[in-house]
Amino acid sequence: MRKLFDNFINCGILGWCMEIVFTAMGRIRRRQFSLRGDTSIWMFPIYGCAALFAPLFRLMKKKPLLMRGLAYMSMIFSMEFISGLLLKSKSLCPWDYSRSRWNISRVIRLDYAPYWFGAGLLFEKLLTKPEEG
């Protein structure tokens, strides 16, 4: 149980950091060179839930990279969709993708697929690192 808790915290922190960097980099297109990034407190438990997939990450570790990335991307899209709809139903959703032509129900963007592909592999790396000591 302690390992799951630690993984949850690590995944939440990693997710927050990825999101802050991603939103900061997105400001370059708008010529906002302060590169201020942002996130929401709601995102910590959402990213933290990646810890629940640790057994799957270990099972798939030997599969081809493309297969693993696509599977993780699909899982992330599913979690984003479910959590987005839940938060939206309570008027708490910190994101709104209605401006993207690739949105589904304003809570996921299909054009983010490459980012979620990479994020899944990053979570895999975090959760399957060899035990120390």
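Everything discussed here concerns the structure shown above.
One structure accompanies this document, and this report is about it. Predicted model, so just to flag it, every value in this text is computed and none were measured.

## Some details on the overall build of the protein chain
Then step 1. Of the regular secondary structure elements, the protein chain holds five helices and two strands.
Then step 2. Scanning the protein chain from its N terminus toward the C terminus, one meets helices and strands in the order α-α-α-α-β-β-α.
Then step 3. Taken over the C-alpha trace, the protein chain has a radius of gyration of 15 Å; the compact-globule value for 133 residues is 14 Å, and the two agree within 12%.
Then step 4. Judged by the C-alpha coordinates and their principal axes, the protein chain covers about 45 × 30 × 30 Å.
Then step 5. The buried share of the protein chain, taken over its 133 residues, is 35%.
Then step 6. Put simply, 60% of the contacts in the protein chain that link residues at least 6 apart link residues at least 24 apart.
Then step 7. Accessible area of the protein chain: about 8800 Å², with a carbon and sulfur share of 65%.
Then step 8. Charge-centre separation for the protein chain: the mean point of 20 positive side chains lies 5 Å from the mean point of 9 negative side chains.

## Some remarks on the side chain of R68
Then step 1. Structurally, R68 can be placed in helix 4 (residues 65–89).
Then step 2. Overall, R68 belongs to the buried group, its relative accessible area being 10%.
Then step 3. A polar contact is formed between the side chain of R68 and the backbone oxygen of K63, at a distance of 2.7 Å.

## Details of helix 1 (residues 2–26)
Then step 1. In a regular helix each residue adds 1.5 Å, so 25 residues correspond to 36 Å; helix 1 covers 36 Å between its end C-alpha atoms and thus fits that length.
Then step 2. Structurally, helix 1 contributes buried residues whose contacts are with helix 2 (43–48) and helix 5 (113–127).

Criteria and thresholds
- Residues numbered from 1 in each chain as written.
- Predicted model: local features only at pLDDT ≥ 70, side-chain atom pairs only at ≥ 80, totals over all residues.
- Heavy atoms only, no water.
- Helix = DSSP H or I, 4+ residues; strand = E, 2+ residues; numbered from the N terminus.
- Rg over C-alpha atoms; globule rule 2.2 N^0.38 Å.
- Buried < 20%, exposed > 50% of the residue type's maximum accessible area, 1.4 Å probe, protein only.
- Contact = heavy atoms within 4.5 Å.
- Areas by Shrake-Rupley, 256 points an atom, 1.4 Å probe, with all protein chains shown as cover.
- Lys, Arg positive; Asp, Glu negative; His and termini not counted.
- Charge placed at Lys NZ, Arg CZ, Asp CG, Glu CD.
- Polar contact = N/O pair within 3.5 Å; in protein donor to acceptor, adjacent residues only side chain to side chain.
- Expected span 1.5 Å × (residues − 1).

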